[in-house]
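Here's the letter readout for the chains.
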Amino acid sequence: MSVPQKTLSKFSGHLLLVGAGKMGGAMLDGWIARGLNPKKIVVIEPQAVKTVKALKRRGLTLNPKGKVAGATAVVIAVKPQTAPAAVPLLASYVGKGTLVLSIMAGRTIGFLEKSLPAAAAIVRAMPNTPAAIGRGIAVACPNGKVSARQRKLATDLLAAIGKVEWVGDEALMDAVTALSGSGPAYVFLLAEAMTQAGIAAGLPADLAARLARETVAGSGELLHRSTLDAAMLRQNVTSPGGTTAAALDVLMGPGGFDALLTKAIAAATRRSRELAG
Ligand SMILES: NC(=O)c1ccc[n+]([C@@H]2O[C@H](COP(=O)([O-])OP(=O)(O)OC[C@H]3O[C@@H](n4cnc5c(N)ncnc54)[C@H](OP(=O)(O)O)[C@@H]3O)[C@@H](O)[C@H]2O)c1
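Rules used in this analysis
- Residues numbered from 1 in each chain as written.
- Predicted model: local features only at pLDDT ≥ 70, side-chain atom pairs only at ≥ 80, totals over all residues.
- Heavy atoms only, no water.
- Helix = DSSP H or I, 4+ residues; strand = E, 2+ residues; numbered from the N terminus.
- Contact = heavy atoms within 4.5 Å.
- Areas by Shrake-Rupley, 256 points an atom, 1.4 Å probe, with all protein chains shown as cover.
- Lys, Arg positive; Asp, Glu negative; His and termini not counted.
- Charge placed at Lys NZ, Arg CZ, Asp CG, Glu CD.
- Buried < 20%, exposed > 50% of the residue type's maximum accessible area, 1.4 Å probe, protein only.
- Pairing = 2+ DSSP bridges.
- Right-handed = clockwise from strand over helix to strand, strands pointing away.
- Phe/Tyr/Trp six-rings, centres within 6.5 Å; stacked < 30°, edge-to-face > 60°.
- Lys NZ or Arg CZ within 6 Å of the ring centre and 35° of its normal.
- Salt bridge = Lys/Arg side-chain N within 4 Å of Asp/Glu carboxyl O.
- Near = heavy atom within 4 Å.
- Polar contact = N/O pair within 3.5 Å; in protein donor to acceptor, adjacent residues only side chain to side chain.
- Nonpolar A, V, L, I, M, F, W, Y, C, P; charged D, E, K, R; others polar.
- Axes fitted to C-alpha atoms, helices over the stretch in contact; angles between N-to-C directions.
- Parallel < 35°, antiparallel > 145°, perpendicular 65-115°, else oblique.

> Sorry if this is basic, but what is going on with the overall build of the protein here?
Of regular secondary structure, the protein possesses 11 helices and 8 strands. Structurally, the protein occupies a C-alpha span of about 70 × 40 × 35 Å along its principal axes. Relative to all contacts within the protein whose residues are 6 or more apart in sequence, the contacts with residues 24 or more apart total 64%. Surface summary for the protein: the accessible area is close to 15500 Å², and the carbon and sulfur share equals 61%. For the protein, the distance from the average site of its 32 positive side-chain charges to the average site of its 16 negative ones is 13 Å.

Here it is, written out as structure tokens:
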């Protein structure tokens, strides 16, 4: 993997991270790898894991007793169900010029605006679980108070866990959640289904599982590294009348993969809309 650029080495002021669980912890690691000085980081986390506690030796502040003066950025990474209790308590950290970056699924900009000072510059973002290895993709959406400088900072903070896209229309976040937020589960299901199909075709279960796992992982990596799009990569491994073509006739036929995924992502989009608040 390439060495990350030190995009955060010039960060000035303090960064407050609220919730250093799976996502918050991955972001924290990424920020430090990108040059953010631990002395500039304050973490609020009731159940800090060893790696976060160890950062105290490098100057990170964990669960401060007193007030932290207006932060340059407040990153909210608690579970969405914790938000009604946790977010209003953050109001005192949000000063003029503070960027609030929330990665909570389903918690809208409207919810954050109601819970925080009126002038707050807010970015709502939706990451996904490959963030744990720095290979996620996050989609970010700003409110009207976010300056160009804050947008750049939000991009740099999210880039610590993968790629970053921006949308201007918050309504798109439901489809984003359904596609890339929930998407890793669809890919894991693909590996499970391929394993079961391999067993049904006569392979020993452990061999089928290894073949499915490496095929999904290797193909993902190939897609990641290639300049070709997915359709071209697929065509490149499909000879007319061959074995792959026989399978694709089924997968791409009526009621096949495309139709099923369209239905599944529409269901997830609807559910995201229902849960949003
Ligand atoms: N994981 C994903 O794939 C994913 C994808 C997209 C978006 N997200 C979003 O990312 C956020 C974090 O998810 P996660 O998977 O990282 O969850 P997680 O591992 O449960 O992390 C949340 C952490 O916040 C802590 N916390 C709870 N209340 C707090 C408070 N008042 N102040 C400070 N910290 C508090 C929790 O401690 P306790 O254990 O004591 O509650 C926990 O350690 C969620 O809002 C989720 O919607 C996650």
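> How do you make sense of the pairing of strand E7 (residues 136–142) when you look at a structure like this?
Both faces of the sheet carry side chains from a regular strand, because those side chains alternate between them. With 5 of 7 residues buried, E7 is to be regarded as a mostly interior element. Sheet analysis places strand E6 (residues 121–126) next to E7, joined by 4 bridges and oriented antiparallel. Looking across to E7, one finds that methionine 126 is bridged to valine 139. Where E7 meets strand E8 (residues 162–166), 5 bridges bridge the pair, whose relative direction is parallel. Within E8, the residue paired with alanine 138 across the bridge is valine 164. Handedness of the crossover joining E7 and E8 through helix H5 (residues 148–158): right-handed.

> Honestly, the packing of aromatic side chains in this entry has me stumped. Any pointers?
Both the distance between ring centres and the angle between the ring planes are used here to describe each pair of aromatic rings. Using the criterion set out here, one finds 0 aromatic pairs in the structure. Directly above the aromatic system of phenylalanine 111 lies the positively charged group of arginine 107, at a separation of 4.5 Å from the ring centroid. Positioned over the ring face of tryptophan 166 is arginine 151, at 4.3 Å from the centre of the ring.

> I'm lost on the pattern of salt bridges in this one. Help?
Oppositely charged side chains can pair when the atoms bearing their charge come close. Per the counting criterion, the structure on display carries 6 salt bridges. Taking the shortest distance from any N to any O, the salt bridge between glutamate 221 and arginine 135 comes out at 3.2 Å. On the criterion of sequence distance, the pair formed by glutamate 221 in helix H8 (residues 205–225) and arginine 135 in the loop between E6 and E7 is long-range, its members being 86 residues apart. With its nearest N and O atoms 3.9 Å apart, the salt bridge here joins arginine 210 to aspartate 206. One end of the pair, arginine 210, and the other, aspartate 206, are both in helix H8, 4 residues apart, so they sit about a helical turn from each other. On the basis of relative accessible area, aspartate 206 is assigned to the partly exposed category, the value being 47%. Several salt bridges converge on common partners, so that one network encompasses Arg135, Glu221 and Arg225.

> Which parts of the structure should I look at to understand the site of the ligand?
The environment of the ligand is made up of 21 residues, and the closest members are Lys22, Met23, Glu45, Gln47 and Val78. At 3.5 Å from a nitrogen atom of the ligand is found a main-chain nitrogen or oxygen belonging to isoleucine 44. Residue valine 78 places a main-chain N or O atom 2.6 Å away from an oxygen atom belonging to the ligand. Expressed as a share of its isolated accessible area of 880 Å², the protein-covered part of the ligand is 76%. Here the shell around the ligand is composed, by residue class, of 13 nonpolar, 5 polar and 3 charged.

> Looking at this structure, I do not really get the pairing of strand E4 (residues 73–76). What am I missing?
Alternating positions in E4 separate into two faces, Ala73 and Val75 on one and Val74 and Ile76 on the other, with burial throughout. As paired strands, strand E1 (residues 15–18) and E4 are joined by 4 bridges and run parallel to one another. Residue pairing in the sheet places leucine 16 in a bridge with valine 74 of E4. As defined by bridge partners, E4 adjoins strand E5 (residues 99–102) across 4 bridges and the pair is classed as parallel. Residue alanine 73 lies in a different strand from E5, and its bridge partner there is leucine 99.

> Is there a simple way to think about the packing of helix H6 (residues 173–181) against helix H7 (residues 183–200) in this case?
In contact at an axis separation of 5 Å, H6 and H7 are set at 30° when each is read in the N-to-C sense. If you check the angle between H6 and H7, you find them roughly parallel. Between H6, through Ala178, Leu179, Ser180 and Gly181, and H7, the contact on the second element is made entirely by Gly183, Pro184 and Tyr186. Along the lines of polarity and charge, the residues of the contact of H6 with H7 split into 4 nonpolar, 3 polar and no charged.

> What is the right way to read the environment of glutamine 196 from this model?
Checked against the element boundaries, glutamine 196 lands in helix H7. Glutamine 196 gets classed as exposed once you look at its relative accessible area, which sits at 51%. Residues glutamine 196 and alanine 208 lie 12 residues apart in sequence; the distance between their C-alpha atoms is 7.6 Å.

> I would appreciate a short explanation of unusual backbone geometry in the present structure.
Comment: phi is negative for the bulk of residues other than glycine, and the bulk of peptide bonds are trans. The backbone of asparagine 63 shows a phi angle near 45°, a positive value even though the residue is not glycine. Here asparagine 63 shows up in the loop between strand E3 (61–62) and E4.

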